[in-house]
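Residue-level structural notes
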Amino acid sequence: MKDRVMKFMVGRNGNDQLNAFLLIVSVVLLVLGLVLGRPLQTLFRLLAFALLILIYFRMFSKNVFRRQEENGKYLRIRYQVFAKLKAFKERWVQRKEYKFFRCPACHAVLRVPRGRGKIKIVCRKCGDTFIGRS
Ligand SMILES: [Zn+2]
């Protein structure tokens, strides 16, 4: 039996991170549907079912290149989201000692110590200067 499954899966995409994410989304949709009740429940069930079909399609797909491309796109987006969350968390932790500015020229995030009054801020990235209250 295991042999037959393995033979069947040869040359197919199998499971990847995007499928794991889609599975979580479908479970969340099912739970949300239960919480919200009718008529949204029917809609959320249908969406979760559609996602399950998509998951199976991706798992058994023989177009491994396309599926890996999709997974790569998902991983890049996930990385960006986590990087933004991490930066936000760091700013939150440092909010009492530092004030954060965005460079008007290049949009880089700049950190200056608080309590220095009105100061001239020089962007380390592009060299642009502007006045800010720390
Ligand atoms: Zn700049």
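Being a predicted model, the structure only gives us computed values, none of them experimental.

Regarding the packing of helix α2 (residues 17-36) against helix α4 (residues 64-93)
- Two numbers describe how α2 lies on α4: the axes approach to 8 Å, and their chain directions differ by 70°. One element, α2, and the other, α4, form an angle in the roughly perpendicular class. Contact residues: α2 offers Gln17, Leu18 and Phe21, while α4 offers Glu70, Asn71, Tyr74, Leu75 and Arg78.
- A breakdown of the residues in the contact of α2 with α4 according to their chemical character gives 4 nonpolar, 2 polar and 2 charged.

Considering the coordination of the zinc ion
- Coordination of the zinc ion by the protein comes from Cys103 (SG), Cys106 (SG), Cys123 (SG) and Cys126 (SG), over a distance range of 2.3 Å.
- Coordination geometry of the zinc ion: the 4 donor atoms subtend angles of 108 to 112° at the metal centre, consistent with an arrangement described as tetrahedral.
- Sequence positions of the donors to the zinc ion reduce to the motif C-x2-C-x16-C-x2-C. Linking Cys103 in the loop between β1 (98-102) and β2 (109-113) with Cys123 in the loop between β3 (118-122) and β4 (129-133), this pair joins segments that are 20 residues apart in sequence.
- For Cys103, a relative accessible area of 1% corresponds to the buried category.

Looking at the pattern of salt bridges
- Applying the stated criterion across every chain yields a total of 4 salt bridges.
- The salt bridge partner of Glu70 is Arg58, with a shortest N-O separation of 2.9 Å. On the criterion of sequence distance, the pair formed by Glu70 in helix α4 and Arg58 in helix α3 (residues 40-60) is long-range, its members being 12 residues apart.
- A residue is classified by how much of its surface remains accessible, and Glu70, at 24% relative accessible area, is partly exposed.

Examining the domain arrangement of the protein chain
- Annotation of the protein chain at the domain level lists domain 1 (2-93) and domain 2 (96-134).
- A C-alpha centroid distance of 40 Å is found between domain 1 and domain 2.

Quick look at α3
- Taking 1.5 Å as the rise per residue, α3 with 21 residues should run 30 Å; its terminal C-alpha atoms sit 30 Å apart, in good agreement.
- Those residues of α3 hidden inside the fold are in contact with α1 (2-9), α2 and α4.

Some words on unusual backbone geometry
- A cis geometry characterises the amide bond from Arg38 onward to Pro39, with omega recorded as 0°.
- Take Pro39: it is sitting in the loop between α2 and α3.
- At His107, a position not held by glycine, the phi torsion is positive, near 65°.

Focus on the side chain of Arg58
- Judged by its relative accessible area of 2%, Arg58 falls in the buried class.
- Among the polar contacts listed, one links the side chain of Arg58 to the backbone oxygen of Arg67, at a separation of 3.0 Å.
- For Arg58, the contacting residues outside a window of four places in its chain are Asn13, Gly14, Asp16, Leu18, Asn19, Leu22, Arg67, Glu70 and Asn71.

Procedures and definitions
- Each residue is numbered by its place in its chain's sequence as written, counting from 1.
- Only residues with pLDDT of 70 or above have their local features reported here, since the model is predicted, and side-chain atom pairs are shown and tallied only from 80 upward, although totals for entire chains, interfaces and linings are computed over all residues.
- Only hydrogens and water are removed before side-chain values are computed, so all heavy atoms of the structure are retained for them.
- The angle between two axes is taken between their N-to-C directions and runs from 0 to 180 degrees, where each axis is a line fitted to C-alpha atoms and a helix contributes only its stretch in contact.
- A run of H or I in DSSP becomes a helix once it reaches four residues, and a run of E becomes a strand once it reaches two; helices and strands are each numbered from the N terminus.
- Any angle from 65 to 115 degrees is called roughly perpendicular, while one under 35 is roughly parallel, one over 145 is roughly antiparallel, and all others are oblique.
- The contact rule is simple, with two residues in contact once any of their heavy atoms fall within 4.5 Å.
- Residues were grouped as follows: Ala, Val, Leu, Ile, Met, Phe, Trp, Tyr, Cys and Pro as nonpolar; Asp, Glu, Lys and Arg as charged; and all remaining residues, including Gly, as polar.
- Coordinating N, O and S atoms are those within 2.8 Å of the metal (3.2 Å for Na, K and Ca), and as water is not part of the atoms, a site may appear to have fewer donors than expected.
- Think of it this way: with four donors and all angles in the 85 to 135 degree range, the site is tetrahedral; with four or six donors, opposite ones beyond 155 degrees and the rest between 65 and 115, it is square planar or octahedral; otherwise it is irregular.
- Buried residues are those whose accessible area, probed at 1.4 Å on protein chains only, stays under 20% of the maximum for their type, while exposed residues exceed 50% and partly exposed ones sit between those limits.
- Note on definitions: salt bridges are taken to be side-chain nitrogens of Lys or Arg within 4 Å of carboxyl oxygens of Asp or Glu.
- The source of the domain bounds is an automatic or database domain assignment.
- A helix is expected to reach a length of 1.5 Å times the quantity of its residues less one.
- Distance and chemistry together define a polar contact, namely a pair of N or O atoms within 3.5 Å, with one atom able to donate a hydrogen and the other to accept it when in protein, and with adjacent residues in sequence counting only for side-chain atoms on both sides.

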